[in-house]
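Working through the structure, step by step
Below are the chains, spelled out letter by letter.
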Amino acid sequence: MSVQIPPTERLRTDTIQINMGPHHPSTHGVFRMVLTLDGETVVDLEPRFGYLHRGIEKTAEERTYVQNVPFTDRLDYICGITNNWAYALALEKLAGIEVPERAEYIRVILGELTRVMNHMLAIGFLWNDLGATTFTPVVYAFRERERILDLIEMAAGSRMMPSYIRAGGVVADLPEEFMPRLQKLVPHLKRFIDEMDTMLTKNEIFRARAVGVGVLKAKDAINAGISGPVLRASGVPYDIRKVDSYSIYDRFDFEVPVHTAGDVYARYLQRLAEARQSLRIIEQAMRDIPEGPVTSLPYKQLSRLKPPKGEAYGRIESPKGELGFYLVSDGSNKPYRFRIRSTSLLNLTLLREMCIGHKVADVVTILGSIDITLGDVDR
Amino acid sequence: MENVWSIENVWNAIGMALQNWLAGFLPAWLVTLIMDLLVIVVLLAIGIVAVLILSFLERKVAARAGDRYGPNRWGPYGVLQPFADAIKMLIKEDIVPHVADRFSFNLAPVIVTVGAVMTYAVLPFGRNMVAANLNIGILYFAAVGSLSIIGLLTAGWGSRNKYALISAFRSVAQLITYEVPLALCIICVVMLAGSLSTQDIVLAQQERGWFFLLMPGIFILYFLAASAEMIRCPFDLLEADSEIVAGHFIEYSGMKFALFFLAEYIHLFAGSAMMVTLFFGGWLGPWLPSWLWFLIKTFVVIFVFMWIRNTFPRIRIDQVLKIGWKVMVPAGLVGLAITGFVDKLIADTLIAGVVLFVCNIALIVGVSYFMGRAQRQKEMAAEGAALR
Amino acid sequence: MLTHEEILSRLRERFPEAVLDVPEGMIDFTIVIAPQAWHDVALFLRDELGYDFLTNVTAVDWPDRFEVVYHLYGVQAGHPLLTIKLPVTDKENPVVPSVVDVWRSADFQEREEYDLMGIRFEDHPNLKRIMMWEGYEGHPLRKDFQNRTYSYAELEPTRKATPDW
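About the criteria used
- Residues numbered from 1 in each chain as written.
- Chains lettered and ligands numbered in written order.
- Predicted model: local features only at pLDDT ≥ 70, side-chain atom pairs only at ≥ 80, totals over all residues.
- Pairing = 2+ DSSP bridges.
- Helix = DSSP H or I, 4+ residues; strand = E, 2+ residues; numbered from the N terminus.
- Axes fitted to C-alpha atoms, helices over the stretch in contact; angles between N-to-C directions.
- Contact = placed C-beta atoms within 7 Å.
- Parallel < 35°, antiparallel > 145°, perpendicular 65-115°, else oblique.
- Left-handed = near helix turned anticlockwise from the far one by under 90°.
- Nonpolar A, V, L, I, M, F, W, Y, C, P; charged D, E, K, R; others polar.
- Buried ≥ 20, exposed ≤ 12 C-beta atoms within 10 Å, placed from the backbone.
- Expected span 1.5 Å × (residues − 1).
- Core = buried A, V, L, I, M, F, W, Y, C linked by C-beta atoms within 7 Å.

**Let's talk about the sheet that holds strand E4 (residues 66-74) of chain C**
Residue and element names in this part refer to chain C. As summarised here, the arrangement of the five strands in space is E1-E2-E5-E4-E3, forming an open sheet in which the pairing is mixed. The sheet terminates laterally at strand E1 (19-21) and strand E3 (53-61), the two strands that pair on one side only. On average, each strand axis in the sheet is inclined to that of its neighbour by 30°, with strand direction left out of account. Taken together, the eight bridges between E4 and strand E5 (residues 79-88) define a ladder with antiparallel strand orientation. If you follow Val 68 over to E5, its bridge partner there is Leu 86.

**As for the environment of Ile 317 of chain B**
Assignment of secondary structure puts Ile 317 of chain B in helix H13 (residues 317-345). Distance in space between the C-alpha atoms of Ile 317 of chain B and Leu 237 of chain B is 6.6 Å, their sequence separation being 80 residues. Excluding residues that lie within four positions of it along the chain, Ile 317 of chain B makes contacts with Glu 40 and Ala 361 of chain A together with Arg 170, Gln 174 and Leu 237 of chain B.

**Comments concerning the packing of helix H4 (residues 102-117) of chain B against helix H11 (residues 255-279) of chain B**
Residues and elements named next belong to chain B. At their nearest, the axes of H4 and H11 sit 8 Å apart, and the two run at 20° to each other. Regarding the angle of H4 to H11, the classification is roughly parallel. Note on packing geometry: the crossing formed by H4 with H11 is left-handed. Contacts between H4 and H11 pair Pro 109, Val 112, Thr 113, Ala 116 and Val 117 from the former with Lys 256, Leu 259, Phe 260, Leu 262, Ala 263, Ile 266, His 267 and Ala 270 from the latter.

**A word on the interface of chain A and chain C**
Each partner contributes to the interface: chain A provides 30 residues, whereas chain C provides 28 residues. If you list the elements that add at least two residues to the side of chain A that touches chain C, you get helix H1 (56-60), helix H3 (80-95), helix H8 (218-223), strand E6 (310-318), strand E7 (321-329), strand E8 (337-341) and helix H13 (343-347) of chain A. Here the side of chain A that touches chain C takes four residues from E7 of chain A, the largest share from any one element. Classifying every residue of the side of chain A that touches chain C by side-chain character gives 13 nonpolar, nine polar and eight charged.

**Topic: the interface of chain A and chain B**
How big an interface is tends to be expressed through the accessible area that disappears when the partners come together. The partner chain B presents 34 residues to the 40 residues of chain A that form the contact. Elements that contribute at least two residues to the side of chain A that touches chain B include exactly strand E1 (16-20), helix H4 (101-130), helix H5 (136-156), helix H7 (204-210) and helix H15 (360-370) of chain A. In terms of residues, the side of chain A that touches chain B owes the most to one element, H7 of chain A, which gives six residues. Tallied by class, residues from the side of chain A that touches chain B come to 19 nonpolar, twelve polar and nine charged.

**Some points on the environment of Ile 7 of chain C**
Residue and element names in this part refer to chain C. On the secondary structure map, Ile 7 appears in helix H1 (residues 4-14). Taking the C-alpha atoms as reference points, Ile 7 and Leu 49, 42 residues apart in sequence, are found 7.9 Å from one another. Residue contacts for Ile 7: discarding those within four places in its chain leaves Leu 2, Leu 49 and Leu 82.

**Regarding the environment of Asn 9 of chain B**
All names here are of chain B. Looking at where Asn 9 falls in the secondary structure, it is placed in the segment before helix H1 (10-23). Residue Asn 9 is classed as buried on the basis of its 20 C-beta neighbours within 10 Å. Considering only alpha carbons, one finds Asn 9 and Pro 289, 280 residues apart in sequence, at a separation of 8.1 Å.

**Concerning helix H14 (residues 349-382) of chain B**
Residue and element names in this part refer to chain B. Taking 1.5 Å of rise per residue, 34 residues should cover 50 Å, and H14 covers 49 Å from first to last C-alpha, within 8% of that figure. Looking at H14, one finds that the buried residues are Gly 353, Leu 356, Asn 360, Leu 363 and Ala 382. At its buried positions, H14 is contacted by helix H8 (198-208), helix H9 (211-214), helix H10 (216-229) and H13.

**Details of the nonpolar core**
A general tendency of soluble globular proteins is for nonpolar side chains to be buried together. Judged by nonpolar contacts, the single largest core of 252 residues is most densely connected at Ala 90 of chain A together with Cys 185, Tyr 222, Ala 225 and Ile 266 of chain B. No other element matches H4 of chain A, which puts 17 residues into this core.

**Points about the packing of helix H7 (residues 162-193) of chain B against H10 of chain B**
All names here are of chain B. H10 packs onto H7 with a crossing angle of 150° between their chain directions and a minimal axis gap of 9 Å. Comparing the axis directions of H7 and H10 gives the class roughly antiparallel. In the crossing of H7 with H10, the sense of the turn from one axis to the other is left-handed. From H7, Gln 174, Leu 175, Tyr 178, Pro 181, Leu 182, Cys 185 and Cys 188 reach across to H10, where they touch Ile 218, Leu 221, Tyr 222, Ala 225, Ala 226, Ala 228 and Glu 229. Considered class by class, the residues forming the contact of H7 with H10 number twelve nonpolar, one polar and one charged.

Take a look at the structure:
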């Protein structure tokens, strides 16, 4: 499906092939695209992966179930908590493990905090790709991210690779200063999101560059396995938290925002709206969190876990889309097959179709609006 | 010649004293030659000092916009940072790519820098301080300022790199486009001032009031066109480091890169200085010396440029060209017509000024309305696009 | 929302010989389909039954067979998870029909299974290696693949002199 260029009688034009190579400030990691351009217009785009392939799926087959938890942190390294959660969910489904109430609430709080942080970062980096050169939106988003990372560090001991959520619950209980700090942070985050909204949404240059760029139709999105904010910004109200109602999401009252334009601007608005809904969930969770144990499977049992023979597919709504784990167990303490259903790899399926016909500058914008993380694409 | 020593006249007085001293023991032609060379050296020095200050200021302003400190290691508050940058660029290895066209590759930074520095000759730094008081001053400025475009194209071609080539194409397109609104605005100012010489333009503002008050619409048009000419954000797609990684000087390193860097900031200073001359009354101002006023006003304008740079995203190249040809050129022509009619038909300068102001405000409102309407139509079309 | 019996009965009446097995006691509802009939079954699932979202394509290396596993959801109709398995007994030369033209999401995932497991997908428009580099020999995710350290001298011949575009 490439654009036909009609040759004029006397002037024969040719296409130029450039390589937006692995080393590039805007490809969100080591991601390579081979662009074929006719002047400034993109005629063809071929993505090339594999620069960050670490063989996690193979290595995980030789480690026990609990030793694989740190691998999951490093998948989508910006949102460590939700990766852990997906793996824990799949393992709980496979082995039939129950999770205590308090652990579920803690998981929800941290998961939604991660979602807020991820969306703010995504917006900041989208603006960086658009050219707010000296990082101003990124720096503001990172300032808020630091506050959230402080909370995660308080709970899990590590900022970016928490390894906090494991099958059966969470590793340890929240320290006492967590809740007061969270109570002060949530209104602050609300104000920050409103501030970002006021400053960024009505910017004329942004709208001129984002509206109508990279339109993704709903039918194509569903067919291509695209999930997350990208899908919902194309008009499909599919949120795994509502559809599957995993964990305790059916107890919370939140909406699933949907936008119908399917372009970069709609994805930006979508992330902003979802961040607001996440803050709503956090407030409700903070109010209702009960006391109790935080794990039903202490480390001694977890490290010797031998799930019965079988297989299970568990998925969650991570900030970038659907993150799923397909675990096959043959009765031993190591997984027989450890398959990661990667969010960002599938979200990139239609990159070519979204970019054809646009200019070179738009390719970077569209890639920024899909919001990928290479650790998840290449695993 | 009488030598009046005062804070206002200090630079001229130093120059006269030196000339008198030299004339004591050198023939006249040699004295003139030495004085002219000295003027050239002084202009170059102003350029380089401006670059040092501006590069530091840029980083500090960008940092403060992002709620951080900026360079603060070298010297108190980081003021020695530009010297560190200069030393770094001088001692870097000068790499010429194996397949590059050596002649063009080496020639390009020279052309760009020369084109930038030559514009300093007509800037009125103070009451009697113009290096060359040409009576076609503005025309010279616009003409010589366009010399850099050839340099950019040469750099892009000589680098033998697709990214550099794409950037060079974009550069030529954008810079040529924005020469036209720039020239139209300059003509409006020249009409009101009655002369092409920079000193006369400043003196005309002394009589009629500063031109940015008289013609705010033309001023805004000139501001945007000058931003595009100096490749400042939001028009800096040519050196976009998020797409084509520094554009036309992607293959340069060491001293040649330093020359490009230098040329950019020299051009920034010259462009701001010209804006101050044309619209803000040059060196006019009460009780501070004239050259100090000039510097203050220039740095305020530069600060506004940096402020805008840290706030807005970039405009895409096809949108840049669209705005240039479809919005700015017609607006410039309309402004030209307004200025011409008002200036020649209304004899009284005060009434002419007020009418001109009102017409310019109408111009701004009209252009904004039309641009806004086009944008809203595009957005209405995009609603619900995913479900169709 | 279709019940499991409905899906099975409609599938069996349409493709009587395609449904090989419905395993008991699985945590997710699974249907084993014959590989030759998979493409037609896929079209049927997407168009008639409304399973329009192919989430996951993966393969498992058992001692006697490969198993290609597909996870399907129905987004617009609201169907829950349906797992389809294709057993491939020929381990020397495993071939399975590709469903890229049915669900576009299979594109990169089938390439990945070809790359890492060695399963060929017929009629895939671009069946090249995706994670490992072109010129690499071997399929890392197979069970008989030894996890080991390479030396530079071993890898150098597999690297092309001029990189392909």
